[in-house]
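# Chains, contacts and geometry: an overview
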Amino acid sequence: MSTSTPRLRSLGLDPDTGKEALAVTRPGGRLEELADAHALKAAAVLVTVVGAVLEAGKASDAELAAFVAPLHAALEECVGIMATDMTA
């Protein structure tokens, strides 16, 4: 991932419309900082939810499979954040 390539990132949900707010971010910019914070918060919530489901041990394979795509997306976003930080 190039540090000069703008990225379309989620900034969370607009509280008035409920729609996802997206922005083109640039490394080191304020919008990237906001997007990073949102991504890390979302990943932390997902980790908590998945951890609770796994700890309960009562989820079906289908229910567990439903977590694969969101976990992959969160992991991909966090790796992107780390890669940007390492090249900055």
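Whatever comes next refers back to the structure up there.
Scope of this entry: the structure provided in the associated data block. (Residues numbered from 1 in each chain as written. Predicted model: local features only at pLDDT ≥ 70, side-chain atom pairs only at ≥ 80, totals over all residues. Heavy atoms only, no water.)

### Details of the overall build of the protein
Here is the rule we go by: Secondary structure elements are taken from DSSP: a helix is a run of H or I of four residues or more, a strand is a run of E of two residues or more, and numbering for both begins at the N terminus. Radius of gyration: C-alpha atoms only; globule rule: 2.2 Å multiplied by the number of residues to the exponent 0.38. Here, residues are in contact when the closest pair of their heavy atoms is within 4.5 Å. Only the protein chains shown count as cover for residues, and the accessible areas themselves come from Shrake-Rupley with a 1.4 Å probe. His is not counted, nor are the chain ends, whereas Lys and Arg count as positive and Asp and Glu as negative. The atom standing in for a charge is NZ when the residue is Lys, CZ when it is Arg, CG when it is Asp and CD when it is Glu.
In terms of helices and strands, the protein carries three helices and two strands. Ordering the α and β elements of the protein from the N terminus gives β-β-α-α-α. Rg of the C-alpha trace for the protein: 15 Å, well past the compact-globule value of 12 Å for 88 residues, more than 25% over. Referenced to the eigenvectors of the C-alpha coordinate spread, the extents of the protein come out at roughly 45 × 35 × 15 Å. Taking as baseline every contact in the protein between residues at least 6 positions apart, the subset at least 24 positions apart corresponds to 42%. Surface summary for the protein: the accessible area is close to 6300 Å², and the carbon and sulfur share equals 64%. Of the charged side chains in the protein, 7 are positive and 12 negative, and the gap between their average positions amounts to 5 Å.

### With respect to the pattern of salt bridges
Two side chains of opposite charge can pair, provided their charged atoms sit close to one another. Formally: Each reported salt bridge corresponds to a side-chain nitrogen of Lys or Arg within 4 Å of a carboxyl oxygen of Asp or Glu. Any residue under 20% of the maximum accessible area for its type is buried, any over 50% is exposed, and the rest in between are partly exposed; the area is computed with a 1.4 Å probe on protein chains only.
If you walk through the whole model with that rule in mind, you get four salt bridges. Residue D36 pairs with R9 through a salt bridge whose shortest N-O separation is 2.8 Å. With D36 in helix α1 (residues 30-56) and R9 in strand β1 (residues 7-13), this pair connects stretches of sequence that are 27 residues apart. Summarising the burial analysis for this pair, D36 and R9 share the class buried. Between R30 and E33 there is a salt bridge, with its nearest N and O atoms 2.8 Å apart. One end of the pair is R30 and the other is E33, both in helix α1 and three residues apart, which spans about a single turn. Exposure remark for R30: the relative accessible area of 53% places this residue in the exposed category. Among the residues examined, E33 registers a relative accessible area of 49% and is labelled partly exposed. Each of R9, E32, D36 and E77 takes part in one network of salt bridges that share partners.

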